[in-house]
Amino acid sequence: MREANSSDLEITFQWANDSETRKNSFYSSTISFVEHSEWFRKKLKSDQSKMYIVSLGNTKIGFVRFEIDTEATIGIVIAPEYRGKGFASAIIDLACARFWKGQTNLVPVCAFIKKNNEASVRSFLKAGFNFERDDVVNGVCCQVFKKEAQ
Ligand SMILES: CC(C)(COP(=O)(O)OP(=O)(O)OC[C@H]1O[C@@H](n2cnc3c(N)ncnc32)[C@H](O)[C@@H]1OP(=O)(O)O)[C@@H](O)C(=O)NCCC(=O)NCCS
């Protein structure tokens, strides 16, 4: 796992537009490459964002992003061809450890998960997150799972 950089622009664009990713996102419309590029470059520069790429050998297999506020919000995407192989909870665990290691202010991490995203719920529970509350994001019902800094 390493911090994301500009070489990850294309792969993160592909993963962001994958149908499962769009379906499980709170803003479900397709993203153009221009939109993604602007968004990604802004996030790379921002102190409020931390983004990591996970590789298996030379193959990039996942992307984890934290948005930092009084709490941090985590998002994860695994490459479509590497889903369903049991990697998710270990990647979440590794990413959280890496994230907290780089922070002086150890804020809890929250995951906002749409109610039908069973694979994501199971992955976060397995990674030590606990159900915190029901919530609504962009008019969509979701569940919030939280893990305290360790
Ligand atoms: C959500 C995501 C990260 C999970 O990763 P994954 O590789 O598919 O999940 P894993 O193979 O590690 O499986 C995790 C758990 O979910 C279960 N699972 C996997 N796919 C499932 C599916 N389609 N339906 C129900 N459960 C599923 C697994 O059995 C496992 O449960 P267990 O540990 O109790 O056996 C991945 O599917 C993904 O990138 N999805 C698109 C983006 C997304 O939804 N991100 C999360 C937004 S909150």
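Everything that follows concerns the structure shown earlier in this document.
Presented here is a report on the structure given in the accompanying data block. Since this is a predicted model, take the numbers as computed values, not measurements. Per-chain numbering applies: the sequence of each chain, read as written, is numbered from 1 onward. Whole-chain, interface and lining totals are the exception, using all residues; otherwise, since this is a predicted model, local features are given only for residues with pLDDT of at least 70 and side-chain atom pairs are given and counted only at 80 or more.

1. Regarding the overall build of the protein
Phase 1: When helices and strands are counted, the protein shows five helices and seven strands.
Phase 2: Helix and strand labels come from DSSP, where a helix needs a run of H or I of at least four residues and a strand needs a run of E of at least two; each type is numbered from the N terminus. Going from N to C terminus, the protein has its helices and strands arranged as β-α-α-α-β-β-β-α-β-α-β-β.
Phase 3: Taking 2.2 N^0.38 as the reference for a compact globule, 150 residues should give roughly 15 Å; the C-alpha atoms of the protein span a radius of gyration of 14 Å, in line with that estimate.
Phase 4: Dimensions along the principal axes, computed over C-alpha positions, put the protein at roughly 35 × 35 × 30 Å.
Phase 5: Counting other C-beta atoms within 10 Å of its own, a residue is labelled buried from 20 upward, exposed at 12 or fewer, and partly exposed in the gap between, with every C-beta atom placed from the backbone. Each of the 150 residues in the protein was classed as buried or not, and the buried ones make up 23%.
Phase 6: This entry defines residue contacts through backbone-placed C-beta atoms, with two residues in contact when those atoms are within 7 Å. Partitioning the intrachain contacts of the protein with sequence separation of at least 6 by distance along the chain shows that 55% fall at a separation of at least 24. Two things to know: the radius of gyration comes from C-alpha atoms, and the globule rule equals 2.2 Å times the number of residues to the power 0.38.

2. Some words on the site of the ligand
Phase 1: Defining nearness, a residue is near a molecule or strand when the C-beta atom obtained from its backbone falls within 6 Å of it. The environment of the ligand is made up of 22 residues, and the closest members are Asn24, Arg83, Ala88, Ala119 and Arg122.
Phase 2: Only α2 (19-24), β4 (72-78), α4 (88-101), β5 (109-114) and α5 (118-126) provide two or more residues apiece to the shell around the ligand.
Phase 3: With six residues, the single largest contributor to the shell around the ligand is α5.
Phase 4: Grouping the amino acids of the shell around the ligand by side-chain chemistry returns eight nonpolar, eight polar and six charged. Under the grouping applied here, Gly and all other residues not named as nonpolar or charged are polar, the nonpolar ones being Ala, Val, Leu, Ile, Met, Phe, Trp, Tyr, Cys and Pro and the charged ones Asp, Glu, Lys and Arg.

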